[in-house]
There are 2 protein chains.
Amino acid sequence: MPSYKAPARDARFVINEVLNIAQYGALPGFEAVTPDLVETVLDEAGRFAAEVWAPLNLPGDREGCTRHADGSVTAPAGFKEAYRQFVESGWGTLALPAEFGGQGLPHVLGFAVDEFLSSANQSLAMYPGLTGGAVSALLAKGSPEQQATYLPKLISGEWSGTMNLTEPQCGTDLGLIRTRAVPQADGSYAITGTKIFISAGDHDLSDNIIHLVLAKTPDAPDSTKGISLFVVPKFLLNADGTPGARNGVSCGSIEHKMGIHGNATCVMNYDAATGYMVGEENKGLAAMFIMMNAARLGVGIQGLAQAEVAYQNAVTYAAERRQGRALTGPAEPGEKADPLFVHPDVRRMLMDAKAFTESMRAFALWCGLLVDLAEIAPDETERQQADDLLGLLIPVIKGYGTDRGYDIATAMQQIWGGHGYVAENGMEQFVRDARIAMIYEGANGVQAMDLVGRKLPAHMGRAVQTFFALVDRECAEVKGDARLADMAGKVEKTNGELKAATMWLLQHGMGNPNNAGAGAHHYMHIMGIVALGLMWVRMAKTAAAALDAGTGDSAYYEAKLTTARYFAERYTPDAGALRRKLETGADTVMALPLEAFATA
Amino acid sequence: MPSYKAPARDARFVINEVLNIAQYGALPGFEAVTPDLVETVLDEAGRFAAEVWAPLNLPGDREGCTRHADGSVTAPAGFKEAYRQFVESGWGTLALPAEFGGQGLPHVLGFAVDEFLSSANQSLAMYPGLTGGAVSALLAKGSPEQQATYLPKLISGEWSGTMNLTEPQCGTDLGLIRTRAVPQADGSYAITGTKIFISAGDHDLSDNIIHLVLAKTPDAPDSTKGISLFVVPKFLLNADGTPGARNGVSCGSIEHKMGIHGNATCVMNYDAATGYMVGEENKGLAAMFIMMNAARLGVGIQGLAQAEVAYQNAVTYAAERRQGRALTGPAEPGEKADPLFVHPDVRRMLMDAKAFTESMRAFALWCGLLVDLAEIAPDETERQQADDLLGLLIPVIKGYGTDRGYDIATAMQQIWGGHGYVAENGMEQFVRDARIAMIYEGANGVQAMDLVGRKLPAHMGRAVQTFFALVDRECAEVKGDARLADMAGKVEKTNGELKAATMWLLQHGMGNPNNAGAGAHHYMHIMGIVALGLMWVRMAKTAAAALDAGTGDSAYYEAKLTTARYFAERYTPDAGALRRKLETGADTVMALPLEAFATA
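Residues numbered from 1 in each chain as written. Chains lettered and ligands numbered in written order. Predicted model: local features only at pLDDT ≥ 70, side-chain atom pairs only at ≥ 80, totals over all residues. Heavy atoms only, no water.

By the naming in an unreviewed UniProt entry, chain A goes by 3-methylmercaptopropionyl-CoA dehydrogenase and is assigned to Novosphingobium piscinae. Of the comments in the UniProt record for chain A, the one headed Catalytic activity (unreviewed entry) reads "3-(methylsulfanyl)propanoyl-CoA + oxidized [electron-transfer flavoprotein] + H(+) = 3-(methylsulfanyl)acryloyl-CoA + reduced [electron-transfer flavoprotein]". A UniProt comment under Function (unreviewed entry) is attached to chain A, and it reads "Involved in the assimilation of dimethylsulphoniopropionate (DMSP), an important compound in the fixation of carbon in marine phytoplankton, by mediating the conversion of 3-(methylthio)propanoyl-CoA (MMPA-CoA) to 3-(methylthio)acryloyl-CoA (MTA-CoA)." (UniProt positions renumbered as here; feature names shortened; annotations may be inferred.)

In structure tokens, the structure reads:
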């Protein structure tokens, strides 16, 4: 049985020490956020995740969800009660607006808790996780009446939400949507169609399920310009707002899939279900992107979360399992063999994981702060800069974060050898669960195209220029410190690779957009390395200062410096290789006709 | 339902055109191997694999194996009949010695067929696959009587074999074996102990199962120097050689695991089972390595095989699934969307797969030829050189081949998007099945250490020097051809990276062996890139010559040239990055104590 302990100390380090959240005390929502409050929230949320949710992860994978003959779905045993405790303790409401019953705390705190919950039980975390997307869309585009009707119950967790985009013939290309919304005399719409891959589409955890559904009105243009967003409750509401009659929407089947067995992935059948338009007609795509951005950040955090829990269990195994001897001679001659931990290749994998998870956490939490600052920073320039950076980095945190999260989970499984392949030890579940994060909410190739095709050119490259300057400045700031100079220099060099790659795309992507497409995935990974490198510069700077100040816990800060060096040594070289690949362009990528790929 | 078609044309290209197998016609076993025979064997074996075995792959995964109350095990429905047809058609006996009923054909042919069978159904292929290890051990170390008793039945497939090494406390470190072998008055041994992770440990496909078991005699040294090898039949043999009474060995349970559900992975309990020593007492490790080397080549081929079948299904989906538009404007304006195939990032993944599978196939088949030449080349120097290269490359084909095979299978699943995560489409099974190949028969970190710690220094580096010279010579040979010069130059450069990395290990691994350990995995991957690069040089040379000769099928040969260029552009840059990582040494890898990895 795998174990989990929330990395509360590390999240606290990022929030209190690296981001120095106390400096934002004047901003709305940050007033009460003292270092002590941060510590309390992280400790308590971490304990809840580890003690209440984590024990259900392996059994939930084994049992899966059940669809009954009447179309109703039940989550694995224990999920309902664990969700109830989650609602009761308020962990879902941390960063949601106080106006609708949330706690109104900063997103950066909410993101930390999201990581813990996803590590503990990704399948369970996805039930309230999808609610988050629905809340974002209603907050941004819902009418005051819709907000008053749905938000308090969604935010409290009494009701949950879903996002209904995909159809059998329509994944990434939302212009292909066929679901129809026919206006009714009372101002509502009759929604008819089939949606697939609907996470948490039906279940027994909440009293009502509020589906946000993309559909087309009868005269809508036959493209992405003709999509509208609708809210479709599972149970229609009585006059007093309580759930009443069943609406015309039901789960047709649940998918058997590689992982996240504990989350019900549903085919949802809409049969003249009553829905209400959210926002303007034919502007559903914009509302969808609001849901999507929130969801993509959440999925990036899932990449981190599965890497983290896999890493913890690999550390435990490396410490306990004895096999072979250290290359430098027996480390524990009294035993018949040394622990795996002595082997450099095992240590390399553990260091890879440590270097990734700690900087990815810092990256995610920084993005959480950017969400806050984009909304409430007092200065317009600061808000815009935060928004620019966030837009640029969302595809990176999602695409790079989940690609690497899967790689790390796989490497941690590797440390367990054959025992990692056996289901009862749980390591293989982390890999299977991590796999979906590379796919949903926009496959990582789509993230790469979003980055290169939309985010880079927006506002004449303003966002990426801001990012370049930020990295250069922060690297330059620490180069006077002999402990940091070399690693900061290596990160600065990766920033140079990123600049060169950007320039290449600019020069070669205009004439032939396939040049941009053929390099997009590599570009996203270069930016991921630079982003994590920037995090290591920040963390190393903070750690060096803490050591200088003699604040105690010196082993912790020394480890940060060592891990920063490891990152510089073993992660940054890939940036140059990726740039060289990117700069070979699209010619050989696109040269062969379909027939050349056929097996003969 | 996924599909499979054996890449017979491509295997024929390698065997007949690249390796030019006809040139060895004077060697024993090669006499009858004309290009026509090669074509017939590949076509027929390919058809058998695709038509008889492949349809059972997905159902076998879903059903898994069943252990009954009496300890007996049945394979999934259809496996017994499919195995019977395999035995009847003789596909398992191709490269086995005619002396014991095999067909005595070259291993290079057997390897090609192994790929097809593993692609079609890895779980099923593992039943006769493990027999191969048992046959190798008995051929090398068995007494004439043991050979006469077991080999004909094992080779015909009426009986199957297993390898019993691992125990609960003992994986890589075979010195920790506890299974005991107590000599009996009749010259046999009573074997007692527990073996785990025994592939095909029990099942209903064959009339008897011949277990090869590592165990310790009572006075054996308590280390790897005290291990002996025993043959333990499931059914003891009657005087006439037919299976008789049940021996004291049985399956205690079968593992629930991530993949290869159709193969029974057993806990085997030996309770004073009757066994017979194979070879000399305390020399079991040497015999084990003979089994292992055969098995490791087979596992490397599994990496190729899963990548290949996943690739084929990704091509089909990319051609059929319509989503979005080509970046250069609609490719099929009459349709509502273009096929995925138009998207450069999809094409990049397909080209990655094509560049890998075709060169990995060439690599595997070349290793098959080296197995043959190491045994039967007329010239002692040639035999030694083949043996040197084979020893050097076995960890590479296993370690690099399965690491990359898994990556490719994962990328091919990615092309399917959400539909790749759903079990019924079969893509996720390829990933789960591919995952085990990185672990069993020596985890890939162990392969890397075998390469760096044993194979490199052997005979003062003779093998690697041979390899360096071979690559340089073959690159130089084609550089006069303008079509090949650039790609051969890039491969030559990766050979330079490999030489530099080798030199670094030599200079820094002596003083601190952890420097070798911390770079071993990177080193193995550099050599993998060089090895596949050498294959591309060979294949491009052959393709260019065929185009010059106007032999027809020019699209096929043009595609080889393009794919060779793609490999040079998108694979070789990693070699430099890997070398830079390797050259940072063990300092940061080994610096942190265990406590620094604990979650706080």
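## A look at the overall build of chain A
Across its full length, chain A holds 18 helices and eleven strands. Relative to a compact globule of 600 residues, whose C-alpha radius of gyration would be 25 Å, chain A shows 24 Å and is just as compact. If one aligns the C-alpha atoms of chain A with their principal axes, the spans along those axes are about 80 × 65 × 60 Å. Across the 600 residues of chain A, 64% fall into the buried class. Here the analysis covers contacts within chain A between residues at least 6 apart in sequence; of these, 74% occur between residues at least 24 apart. Side chains of chain A carry 50 positive and 68 negative charges; the gap between the two charge centres is 5 Å. (Helix = DSSP H or I, 4+ residues; strand = E, 2+ residues; numbered from the N terminus. Rg over C-alpha atoms; globule rule 2.2 N^0.38 Å. Buried < 20%, exposed > 50% of the residue type's maximum accessible area, 1.4 Å probe, protein only. Contact = heavy atoms within 4.5 Å. Lys, Arg positive; Asp, Glu negative; His and termini not counted. Charge placed at Lys NZ, Arg CZ, Asp CG, Glu CD.)

## Focus on the environment of Glu145(B)
Structurally, Glu145(B) is set in helix α7 (residues 144–156). Considering only alpha carbons, one finds Glu145(B) and Gly480(B), 335 residues apart in sequence, at a separation of 57 Å.

## Looking at the relation of the copies chain A and chain B
The pair of chain copies shares a relation made of a rotation about an axis and a shift along it. When chain A is brought onto chain B, the operation consists of a screw motion whose angular component is 180 degrees and whose axial shift is 0.0 Å, with 0.0 Å RMSD remaining. With respect to symmetry, the two chain copies, as superposed, fit the operation of a two-fold axis. No C-alpha of chain A lies nearer the rotation axis than that of Ala577(A), which sits 3.1 Å from it. Taken as a fraction of all interface residues of chain A, those also at the interface in chain B reach 100%, which identifies the copy contact as same-surface. (Least-squares fit on C-alpha atoms with pLDDT ≥ 70 in both.)

## Comments concerning the interface of chain A and chain B
At the junction of the two partners, chain A supplies 100 residues and chain B supplies 100 residues. Of all residues in chain A, the largest losses of buried area upon contact with chain B belong to Tyr421(A), Arg570(A) and Phe597(A), amounting jointly to 10% of the total for that side. Linking chain A to chain B there are four salt bridges. Applying the counting criterion to the chain A and chain B interface returns 61 residue pairs in polar contact (both at pLDDT 80 or more). Tallied by class, the residues present in the side of chain A that touches chain B amount to 46 nonpolar, 28 polar and 26 charged. (Buried area = accessible area lost by both parts, 1.4 Å probe. Salt bridge = Lys/Arg side-chain N within 4 Å of Asp/Glu carboxyl O. Polar contact = N/O pair within 3.5 Å; in protein donor to acceptor, adjacent residues only side chain to side chain. Nonpolar A, V, L, I, M, F, W, Y, C, P; charged D, E, K, R; others polar.)

## A closer look at the nonpolar core
In this structure, Met412(A) and Met412(B) are the most contacted members of the largest nonpolar core, which totals 433 residues. Considering each element in turn, this core owes the most residues, 21 residues, to helix α15 (residues 513–549) of chain A. In this structure, Met412(B) is in contact with Ala310(B), Tyr311(B), Ala314(B), Met349(B), Leu350(B), Ala353(B) and Met427(B), ignoring residues within four places of it in sequence. (Core = buried A, V, L, I, M, F, W, Y, C linked by side-chain atoms within 4.5 Å.)

## Thoughts on the UniProt feature "domain: Acetyl-CoA dehydrogenase-like C-terminal" (unreviewed entry) in chain A
As annotated in UniProt, the feature "domain: Acetyl-CoA dehydrogenase-like C-terminal" (unreviewed entry) corresponds to residues 467–593 of chain A in the numbering used here. Summarising residues 467–593 of chain A: 83% helix, 0% strand, and an end-to-end C-alpha distance of 39 Å.

## Here's the deal with the UniProt feature "domain: Acyl-CoA dehydrogenase/oxidase N-terminal" (unreviewed entry) in chain A
UniProt tags residues 76–158 of chain A as "domain: Acyl-CoA dehydrogenase/oxidase N-terminal" (unreviewed entry). With 70% helix and 0% strand, the stretch residues 76–158 of chain A has end C-alpha atoms that lie 19 Å from each other.

## Quick look at unusual backbone geometry
The phi torsion at Met460(A) lies on the positive side, around 55 degrees, for a residue other than glycine. Relative to the helices and strands, Met460(A) resides in the loop between α12 (444–455) and α13 (462–478). Classification of Met460(A) as exposed rests on a relative accessible area of 82%. Residues other than glycine seldom take positive phi values, yet Ala200(B) does so here, at roughly 55 degrees. Among the residues examined, Ala200(B) registers a relative accessible area of 1% and is labelled buried.

## Comments concerning the packing of aromatic side chains
All names here are of chain A. In this structure the tally under the stated criterion is 27 aromatic pairs over all chains. Judged by centre distance (6.5 Å) and plane angle (85 degrees), the ring pair of phenylalanine 79 and tyrosine 127 falls under edge-to-face. Taken together, the positions of phenylalanine 79 in helix α4 (residues 79–89) and tyrosine 127 in helix α6 (residues 122–141) put the pair 48 residues apart, joining distant regions of the chain. Each of the two residues, phenylalanine 79 as well as tyrosine 127, counts as buried. (Phe/Tyr/Trp six-rings, centres within 6.5 Å; stacked < 30°, edge-to-face > 60°.)

## Focus: the packing of helix α5 (residues 107–120) of chain B against helix α8 (residues 284–320) of chain B
Residue and element names in this part refer to chain B. Contact geometry for α5 and α8: axes closest at 8 Å, N-to-C directions at 50 degrees. Between α5 and α8, the angle is such that the two are oblique. Remark: the crossing between α5 and α8 carries right-handed chirality. Contacts between α5 and α8 involve Phe111, Asp114, Glu115, Ser118 and Ser119 on the former and, on the latter, Leu297, Ile301, Gln302, Leu304, Ala305, Gln306, Glu308 and Val309. (Axes fitted to C-alpha atoms, helices over the stretch in contact; angles between N-to-C directions. Parallel < 35°, antiparallel > 145°, perpendicular 65-115°, else oblique. Left-handed = near helix turned anticlockwise from the far one by under 90°.)

## Things to note about the state of the cysteines
Residues and elements named next belong to chain A. Evaluation of the coordinates by the stated rule reveals zero disulfides over all chains. With no disulfide of its own, cysteine 170 lies 18 Å from the sulfur of cysteine 266, the closest cysteine sulfur. Here cysteine 251 stays unpaired: no disulfide links it, and the sulfur of cysteine 266, its closest cysteine neighbor, is 3.6 Å away. Under the relative-accessibility criterion, cysteine 251 is labelled buried at 1%. (Disulfide = S-S within 2.5 Å.)

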